[in-house]
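Structural overview for review
The primary structure of each chain is shown beneath.
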Amino acid sequence: MLDFVENHSLPRTAAFFDLDKTVIAKSSTLTFSKSFYQGGLINRRAVLRTAYTQFVFLAGGADHDQMERMREYLSALCKGWNVQQVKEIVAETLHDLIDPIIYDEAASLIEDHHTAGRDVVIVSTSGAEVVEPIGELLGADRVVATRMVVGEDGCFTGEIEYYAYGPTKAAAVKALAASEGYDLDRCYAYSDSATDLPMLQSVGHPYAVNPDRALRREAVARDWPILVFNRPVRLKQRLPAFSMPPRPALVAAAAVGAAAATAGLVWYASRRRQAASA
């Protein structure tokens, strides 16, 4: 357990967590590929391709170019999907697929930050339809995630409204800090990937978690702490039991995709999350 206590006479603070390979052991989006296949959204060939992509991702070989190709592939793949059907599939399979791959160490950190009075924010490149339910499962206060354009027919158009990746993650963190009054110099951030260097550099307490080679080099050079998470465990099986009091969840809504100078600034809509399950 990290030794940090919030001084409530000072400005508010938060802990920003990347999701894939930082809080959970796999890619959140690719983990649902079998469920999407069973729901008729993708074919067997797409399942095999996402399985290969998952392997590359877990092997630490997904560099910037590969991540861009993954983005383009997934954007094209989900074109025409009914958004409500996607949400229903995720809701039905969330506990079976995600609960077993949550890192025990990450869950403990989330508890520690909440106990210290900090907000917990998940900042993920995966789509909001996947990330928001995971954030609620984890007891996160806010979520920043990629958002796809939804047509009048309620289906994805294949276009991206906001891509939470690289510098845009850092821009979202700074925009949220401005709107919520976070003191970034006293905030924390956790990620496994060198693509999140802008986000890590934007806070006073960056941590490299299961870092890829590029991030490990940067962390060593900058004297950042390096954490190793390797104990995926179901939340209800954790000792002490993972228990989070109901907290309001403010969910990231969309990006203001205007000029380059304002690209990545994100506006946030709030909603009350339901009481956390026992």
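Residues numbered from 1 in each chain as written. Predicted model: local features only at pLDDT ≥ 70, side-chain atom pairs only at ≥ 80, totals over all residues. Heavy atoms only, no water.

1. Here we look at the pattern of salt bridges
What counts here: Salt bridges are defined by distance alone: a side-chain nitrogen of Lys or Arg within 4 Å of a carboxyl oxygen of Asp or Glu. In DSSP terms, a helix is any run of H or I states spanning at least four residues, a strand is any run of E spanning at least two, and both are numbered starting from the N terminus. Residue burial is assigned from relative accessible area. The probe radius is 1.4 Å, only protein chains are included, and a residue is buried under 20% of its type maximum, exposed over 50%, and partly exposed in between.
Counting across every chain of the model gives 11 salt bridges. Where Arg-12 meets Glu-180, a salt bridge forms, and the shortest distance between an N and an O atom there is 3.2 Å. Here Arg-12 is found in the segment before strand S1 (14-17), whereas its partner Glu-180 is found in helix H8 (residues 167-180), with 168 residues between them in sequence. We note a salt bridge from Arg-147 to Glu-132, for which the minimum N-O separation is 2.4 Å. A residue pair is termed long-range when its members are at least 10 positions apart, and Arg-147 in strand S3 (residues 142-150) and Glu-132 in helix H7 (residues 128-138) qualify at 15 residues. Residue class for Glu-132 comes out buried when judged on its relative accessible area of 18%. Here the salt bridges do not stand alone but share partners, grouping Arg-12, Asp-119, Arg-142 and Glu-180 into one network.

2. Considerations on the packing of aromatic side chains
Put simply, the rule reads: Here a Phe, Tyr or Trp ring, Trp counted by its six-membered ring, pairs with any other such ring whose centre lies within 6.5 Å, and the pair is stacked when the planes are under 30 degrees apart, edge-to-face when over 60, and tilted otherwise.
All told, the structure shown has six aromatic pairs when counted by the stated rule. Centre to centre, the rings of Phe-16 and Tyr-182 are 6.2 Å apart; their planes meet at 80°, and the pair counts as edge-to-face. One end of the pair, Phe-16, is in strand S1; the other, Tyr-182, is in the loop between H8 and strand S5 (188-191), and 166 residues separate them in sequence. On the accessibility criterion, Phe-16 (0% relative accessible area) is buried.

3. Focus on the side chain of Asp-20
Quick note on the threshold: Only four residue types enter the charge count, namely Lys and Arg as positive and Asp and Glu as negative; His and the chain termini do not. We call two N or O atoms a polar contact when they sit within 3.5 Å, provided that within protein one can donate a hydrogen and the other can accept it, with sequence-adjacent residues counted only if both atoms are side-chain atoms.
Counting through the fold element by element, Asp-20 comes out in the loop between S1 and helix H1 (28-31). In this structure, Asp-20 is buried with no salt-bridge partner, the nearest side chain bearing the opposite charge being Lys-169 at 7.9 Å. At 2.9 Å, the side chain of Asp-20 and the side chain of Ser-28 are in polar contact.

These values are about where atoms sit, not about what they do.
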